[in-house]
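Remarks on the overall topology
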Amino acid sequence: MSAIPQFYPAVHRTPDTTVHIDGHDIPACSGDTLIAVLLAAGQVTGWSEFDGEPRSGFCLMGACQDCTLWTSSGKRLRACMTEVQPGMSLRRTAPLEGSST
């Protein structure tokens, strides 16, 4: 039995770029938010610090920080408020302080 998607896009669009997250290329449509891209791909933004359960945003309006992603340089992004840009390279965990990754 195949998995049933939990997210059905209202309009089918053909991805025109990719977002690189934690070593994986995820197809994306320019103009979408990062959280829309992750949800459409069946991905999460991270895991709860309390119980380790998967998380993918809570408020979806930039207030709760539950969808935080980081650039390779360490800049924090809210996935629900950040539009996909070609060549994005992101991670689900904060880079270590003073790290060059």
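Now for a look at the structure at hand. As the structure is a prediction and not an experimental result, all values here were calculated from the model. (Residues numbered from 1 in each chain as written. Predicted model: local features only at pLDDT ≥ 70, side-chain atom pairs only at ≥ 80, totals over all residues. Heavy atoms only, no water.)

1. Describing the side chain of Ser56
Mapping Ser56 onto the fold places it in the loop between β4 (54-55) and β5 (68-71). A polar contact of 3.4 Å, which involves the side chain of Ser56, links it to the backbone oxygen of Gln43. Here Thr45 takes part through its backbone nitrogen, which lies 3.4 Å from a polar atom of the side chain of Ser56. When residues no more than four places from it in sequence are discounted, the contact partners of Ser56 are Ile35, Leu39, Gln43, Val44 and Thr45. (Helix = DSSP H or I, 4+ residues; strand = E, 2+ residues; numbered from the N terminus. Polar contact = N/O pair within 3.5 Å; in protein donor to acceptor, adjacent residues only side chain to side chain. Contact = heavy atoms within 4.5 Å.)

2. Some points on the sheet that holds strand β6 (residues 76-78)
Across the sheet, which stays open at both edges, the 5 strands sit in the order β2-β1-β7-β5-β6 with mixed pairing between neighbours. For this open sheet the edge positions go to β2 (24-28) and β6, each flanked by a neighbour on one side alone. For this sheet the average axis-to-axis angle between neighbouring strands, irrespective of direction, equals 40 degrees. Alignment of strand β1 (residues 17-21) against β2, held across 5 bridges, turns out to be antiparallel. Looking at β2, one finds that Thr18 is bridged to Pro27. (Pairing = 2+ DSSP bridges. Axes fitted to C-alpha atoms, helices over the stretch in contact; angles between N-to-C directions.)

3. With respect to the pattern of salt bridges
A pair can form between side chains of opposite charge whenever their charged atoms are brought close. Under the defined criterion, the tally for this structure stands at 2 salt bridges. With a closest N to O distance of 2.7 Å, Arg55 and Asp66 form a salt bridge. Of the two residues, Arg55 sits in strand β4 while Asp66 sits in the loop between β4 and β5, which places them 11 residues apart along the sequence. (Salt bridge = Lys/Arg side-chain N within 4 Å of Asp/Glu carboxyl O.)

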